Every structure is written in structure tokens, then in C-alpha cells.
Amino acid sequence: MIFEIYTIMSVAKSDYKRVTTKSLFDMKQKGEKISMLTAYDYTMAKIVDTAGIDVILVGDSASNVMAGHETTLPITLDQMIYHASSVVRAAERALVVVDLPFGSYQSDSKEALRSAIRVMKESGGHAVKLEGGKEIKESIKKILQAGIPVMGHLGLTPQSIYKFGTYTVRAKEEAEAEKLIEDAQLLEKIGCFALVLEKIPAKLAQRVAESISIPVIGIGAGAGVDGQVLVLHDMVGMTHEFSPRFLRRYMNLFEDMTKAISQYAADVKSRDFPNANEQY
């Protein structure tokens with residue numbers, strides 16, 4: 001079984017020695033699903049990249065899982081650049097997409113361009129991601145005109161949490177669903193290379209994916225899209241309070257690491273560690 005998994009991963013790597021925006025487009029055309037995970041530091045990014053993930057998202061979710069904030073709003077552009085530069089140093093295969101944080105692109109297109117340029121120059125990231133549709137059109141166009149690839153993000157947009165007041169499923173009503181479809185088509189038209197759809201009805205997500213030619217990556221958006229993204233810390237069970245329906249935990253690292261660290265502490269207290277073979 002282990003050999004089979006390694007073989008599949010090796011084939012994927014040989015097909016895409018370095019994943020690019022064109023690689024993702026080609027994957028959609030061939031019906032190959034796109035895998036995407038977050039990472040925020042060198043060590044974890046190295047593991048994710050070695051495992052064969054296609055896209056690493058340096059998400060503003062670092063505000064939650066790395067810094068302990070309740071929302072994604074507090075994280076700064078400087079902090080995002082720090083996390084992104086750590087990830088870029090680890091990634092040899094994956095496309096690295098970096099979230100522009102709240103306040104770095106919404107106010108005007110010139111500020112958006114300055115923020116995106118800083119990310120690209122100072123972190124070495126390959127693309128940026130922005131939340132929103134028509135309302136941030138000018139910011140996206142400005143960034144694209146500078147030759148910087150942009151990934152869109154529609155549906156539940158965590159940077160707008162205080163506007164919505166809840167993390168519940170978005171676009172269940174017809175009017176919001178129609179606006180989401182229009183925004184998705186607009187993002188494709190102005191030049192975004194891909195789109196994330198977060199926490200929307202599966203039928204609507206599939207409808208969007210079928211209506212545009214760029215890849216659509218879902219999180220809580222069903223199986224009818226072109227790929228999936230999860231927060232790494234949630235997927236491997238390092239976080240344990242957050243348990244939405246769309247999350248599949250592949251490990252329980254919170255429990256395993258807590259046991260290991262507790263055992264280490266006990267061994268130190270009992271003078272069992274270090275033993276005679278663990279010293280010079």
C-alpha cells in the first residue's frame with residue numbers, strides 16, 4: 001500500500017515538475033482534480049510539498065492557527081510576507097499562493113498593487129489571492145496589469161465576517177447565488193487564473209465550475225468543483241475545537257503530540273530522560 005501511494009505521488013511529480021498557473025488550467029481541461037493545502041512555515045511546507053500537493057496557500061488563516069486570533073483580520077502584510085517567504089524556501093514543486101490580508105487591497109487599487117508587489121518581491125510567492133468580486137474589480141485589474149497572477153475567492157469570505165456576522169453557508173438565497181455566479185464569471189473575464197469557493201451549496205459550486213474555464217477550488221463546496229483546499233492544521237488534527245461538516249481529519253496530532261509531550265515531561269521529572277545511552 002505504501003509503495004502504491006509513493007508510486008502515484010511520483011507519477012504526479014514527473015508530470016508537473018513545477019506546478020504553474022498553466023498546469024492548473026491543464027488539470028481542469030483533463031479532468032484531473034487539484035489538491036491544495038495551507039502552510040505557514042518552512043518545516044510544514046516542506047512536508048506538504050514533498051507529499052505532492054499541487055498548490056500551497058499561505059492563508060491569512062495564519063492569524064487563527066499560528067497567532068491565536070479569533071478572526072483573520074488582525075494579521076498584517078508584513079506578517080504575511082514573513083510566513084510566505086518561509087514557505088517559498090521549502091516549495092520545490094507546488095505553486096505558492098499568498099493571501100493579501102484585510103486592509104491591504106480594499107481601499108484603492110493603487111494600494112492593492114503596492115501590497116501585491118511587496119508580496120511578490122519580498123516573499124518570492126507565485127501568486128496572490130483576494131476575497132471578493134465586483135467590488136474589488138479595479139484592485140484585481142491593477143494587480144493583473146502588473147503581471148501578477150491573481151486567484152479569486154467567493155462565497156464565505158472570512159475577511160468580511162463582521163459584515164455577515166456569521167460563518168454560516170453563503171449563497172443559499174437565489175439573489176446571492178446569482179451574484180456569486182456573476183462575480184465568478186467576472187473574475188474569469190478580467191483574468192484571474194483560478195477561484196476559491198468557500199462554504200456554499202454543492203449544486204451551486206458545481207454550476208459555477210461548469211460555467212467558467214478557470215479552475216474552481218472548493219472548501220465546503222462539494223465534490224463538483226475542480227479541486228479541494230483545507231487548512232493543514234485542521235486536516236492533521238493539530239486543532240481540535242473546529243469541526244465543520246466539510247472537514248475530514250486524516251490524523252489526530254493534537255492527541256498524539258499531547259501524549260508525547262506529557263510523556264517527555266514525566267520522563268524528565270522521573271530522571272528517566274536522558275538515560276546512559278542518551279548522553280556524551
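Structure: see above.
Calculation notes
Residues numbered from 1 in each chain as written. Predicted model: local features only at pLDDT ≥ 70, side-chain atom pairs only at ≥ 80, totals over all residues. Heavy atoms only, no water. Helix = DSSP H or I, 4+ residues; strand = E, 2+ residues; numbered from the N terminus. Rg over C-alpha atoms; globule rule 2.2 N^0.38 Å. Contact = heavy atoms within 4.5 Å. Areas by Shrake-Rupley, 256 points an atom, 1.4 Å probe, with all protein chains shown as cover. Lys, Arg positive; Asp, Glu negative; His and termini not counted. Charge placed at Lys NZ, Arg CZ, Asp CG, Glu CD. Pairing = 2+ DSSP bridges. Axes fitted to C-alpha atoms, helices over the stretch in contact; angles between N-to-C directions. Core = buried A, V, L, I, M, F, W, Y, C linked by side-chain atoms within 4.5 Å. Buried < 20%, exposed > 50% of the residue type's maximum accessible area, 1.4 Å probe, protein only. Phe/Tyr/Trp six-rings, centres within 6.5 Å; stacked < 30°, edge-to-face > 60°. Parallel < 35°, antiparallel > 145°, perpendicular 65-115°, else oblique. Left-handed = near helix turned anticlockwise from the far one by under 90°. Nonpolar A, V, L, I, M, F, W, Y, C, P; charged D, E, K, R; others polar.

Caption draft 1: Inspection of the overall build of the protein chain at higher detail. A tally of regular secondary structure across the protein chain gives twelve helices and eight strands. For the protein chain, whose C-alpha radius of gyration is 20 Å, the value lies close to the compact-globule estimate of 19 Å for 280 residues. For the protein chain, long-range pairs separated by at least 24 residues make up 58% of all intrachain contacts whose partners lie at least 6 apart in sequence. Accessible surface, the protein chain: about 14800 Å² in total, of which carbon and sulfur atoms supply 56%. Between the centroid of the 33 positive side chains of the protein chain and the centroid of its 35 negative side chains there is a distance of 4 Å.

Caption draft 2: Region of interest: the pairing of strand E8 (residues 227–230). As judged from the four bridges shared by strand E1 (residues 34–38) and E8, these two strands associate in the parallel manner. Paired with Leu37 across the two strands is Leu230, which belongs to E8. Pairing analysis gives two bridges linking strand E7 (residues 216–219) to E8, with the strands arranged parallel. Note on E8: the bridge partner recorded for Ile217 is Gly227.

Caption draft 3: Fine view of the sheet that holds strand E3 (residues 95–99). Read once around its circumference, the closed barrel built from eight strands follows the order E1-E2-E3-E4-E5-E6-E7-E8, with strand pairing classed as parallel. Pairs of neighbouring strands in the sheet enclose a mean axial angle of 25°, with direction left out of account. Against the sheet, helix H9 (residues 174–190) touches strand E5 (150–155) and strand E6 (194–198), its axis set at about 175° to E5.

Caption draft 4: Representation of the nonpolar core in the model. Core analysis: the biggest nonpolar cluster contains 82 residues, and Val128, Leu130, Ile140, Ile143, Leu195, Leu197 and Val208 have the highest contact counts within it. If we skip the residues at most four places from it in the chain, Val208 touches Leu180, Ile181, Ala184, Leu195, Leu197 and Val216.

Caption draft 5: Geometry of the packing of aromatic side chains. Counted according to the given criterion, the structure contains two aromatic pairs. Look at Tyr264 and Phe273: their rings are 5.8 Å apart centre to centre, the planes differ by 65°, and that puts the pair in the edge-to-face class. Relative accessible area serves as the criterion here: at 37%, Phe273 is assigned to the partly exposed category.

Caption draft 6: Broad picture of the packing of helix H6 (residues 109–123) against helix H7 (residues 137–145). Packing of H6 against H7 brings their axes to within 8 Å, and their N-to-C directions diverge by 45°. Taken together, the axis directions place H6 and H7 in an arrangement best described as oblique. Crossing of H6 against H7: the hand is right-handed. In this structure, H6 uses Ser109, Lys110, Ala112, Leu113 and Ala116 to contact H7, whose residues at the interface are Glu138, Ser139, Lys142 and Ile143.

Caption draft 7: Spatial organisation of the packing of helix H3 (residues 42–50) against helix H5 (residues 77–90). Running from N to C, H3 and H5 point in directions that differ by 40°, and their axes come no closer than 8 Å. As the angle between them shows, H3 and H5 are arranged oblique. Crossing of H3 over H5 shows right-handed handedness. Seen from H3, the contacting residues are Tyr42, Ala45, Lys46 and Asp49; seen from H5, they are Ser86, Val87, Arg89 and Ala90. Broken down by class, the residue content of the contact of H3 with H5 amounts to four nonpolar, one polar and three charged.

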